[in-house]
Amino acid sequence: MAGAPPEAEPVAGDLTDPVAVRRALDGVDAVFLIWPLLDAAPAHGLIAELAAAAPPLVLVHLSSGAVDDASARQSDPVVQVHADMEALLHGAGLRPVMLRSDTLASNTREWKRQLAAGEVVSGPETARTAVVDERDVAEAAVAVLLAHHAHRDHGPYVLTGPEVLGRAEQIAQLGAALRRDLRFQALPAPLARARMLADGLPEPLADALVAASERRPDSPRVTDHVRRLTGHPAGTFAGWAADHAAEFGRREP
């Protein structure tokens, strides 16, 4: 678990195995939940164990800022599974503190293979959102987990960065941090899917991301929820890119 403090104890487990979840919850009083699958159905056992935990857990759940509470069905499969998880948690009588995150800055790590080969990142056009630094999301989660019960608001909190960006703008800002003239090439859905598969993404995830690129609307929303939870303003994507430039290395000959 890179970057974790020495007192942290990493434990491997299976969120779809209720027995393993029950064992992992022994002695635990707070949980930060991120559901990693594209289907919420396997979460039923997990949620039953969370609901049965004694004493009741402090539960913080990371969802998506694209969830539309007014819609019975969401824009695409990725957002739908987040909405389904929220519904399952509430349906089980749990009252999680809901953190809904906009696009994470760390998603740009998916471009590493392309950037090692050239100055062009190709892929589907995606919705413009206020890209958020994942470190701000983590800090917000910690703040909620450690908050005194009387001061814990269940949200939902929508965690955004300070600036709405499209993919081309992100790549330009990353290029500035790397001192490279990077460009974005938008691809039609079939070619974008082939590009994702070539980059090593599993086929179901590639299909879900292509669907998201075609159906998810832009979001002009910028919130102050990072500041409200952490006490400091949300970081910029340009700042994230500068801090992580070394991860992207040099272009290979």
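The following paragraphs examine the structure supplied in this document. (Residues numbered from 1 in each chain as written. Predicted model: local features only at pLDDT ≥ 70, side-chain atom pairs only at ≥ 80, totals over all residues. Heavy atoms only, no water.)

A look at the sheet that holds strand β6 (residues 157-159)
Ordered by their spatial adjacency, four strands build an open sheet running β1-β2-β3-β6, and the pairing between neighbours is parallel. Either end of the sheet is taken by a strand with one partner, and the two such strands are β1 (30-33) and β6. Here the average twist between neighbouring strands, direction ignored, is 20°. (Pairing = 2+ DSSP bridges. Helix = DSSP H or I, 4+ residues; strand = E, 2+ residues; numbered from the N terminus. Axes fitted to C-alpha atoms, helices over the stretch in contact; angles between N-to-C directions.)

Examining the nonpolar core
Counting residues in each nonpolar core, the largest one holds 17 residues, and the members touching the most others are Val31, Leu33, Leu50, Leu59, Met85 and Leu89. Mapped onto this core, the elements with two or more residues apiece are β1, α2 (44-52) and α3 (77-91). Discounting chain neighbours no more than four positions away, the residues touching Met85 are Leu33, Trp35, Ala40, Ala43, Ile47 and His61. Counting residues in hydrophobic clusters, the runner-up holds 16 residues, among them Trp111, Leu115, Val121 and Ala245. (Core = buried A, V, L, I, M, F, W, Y, C linked by side-chain atoms within 4.5 Å. Buried < 20%, exposed > 50% of the residue type's maximum accessible area, 1.4 Å probe, protein only. Contact = heavy atoms within 4.5 Å.)

Section: helix α5 (residues 134-146)
In this model, α5 (13 residues) spans 18 Å end to end at C-alpha, consistent with the 18 Å of a helix rising 1.5 Å per residue. Considered for burial, the residues of α5 that qualify are Glu134, Asp136, Val137, Ala140, Ala141 and Val144. For α5, the arc enclosing every buried residue in end-on projection is 155°, short of the 170-degree limit, so these residues lie on one face. Its buried side turned inward, α5 meets β1, β2 (58-64), β3 (97-101), β6, α9 (225-230) and α10 (237-243). (Expected span 1.5 Å × (residues − 1). Arc of directions from axis to C-beta.)

Points about the environment of His44
Along the chain, His44 turns up in helix α2. Along the sequence, His44 and Arg195 sit 151 residues apart, while their C-alpha atoms lie 34 Å from each other.

Regarding the packing of helix α7 (residues 189-198) against helix α8 (residues 203-215)
Packing of α7 against α8 leaves a shortest axis separation of 9 Å and a crossing angle of 145°. Considering only the axes of α7 and α8, their crossing is right-handed. On α8, the residues that touch Ala189, Arg193, Met196 and Leu197 of α7 are Glu203, Ala206, Asp207, Leu209, Val210 and Glu214. Per-class residue counts for the contact of α7 with α8 are six nonpolar, no polar and four charged. (Left-handed = near helix turned anticlockwise from the far one by under 90°. Nonpolar A, V, L, I, M, F, W, Y, C, P; charged D, E, K, R; others polar.)

Some points on α2
The periodicity of an α-helix, 3.6 residues per turn, causes residues three or four places apart in sequence to face the same way. Along α2, the positions that sit buried rather than exposed are Leu46, Ile47, Glu49 and Leu50. Viewed end-on, α2 has its buried residues packed into an arc of 160°, placing them on one side of the element. Contacts made by the buried residues of α2 are with α1 (18-24), β1, β2 and α3.

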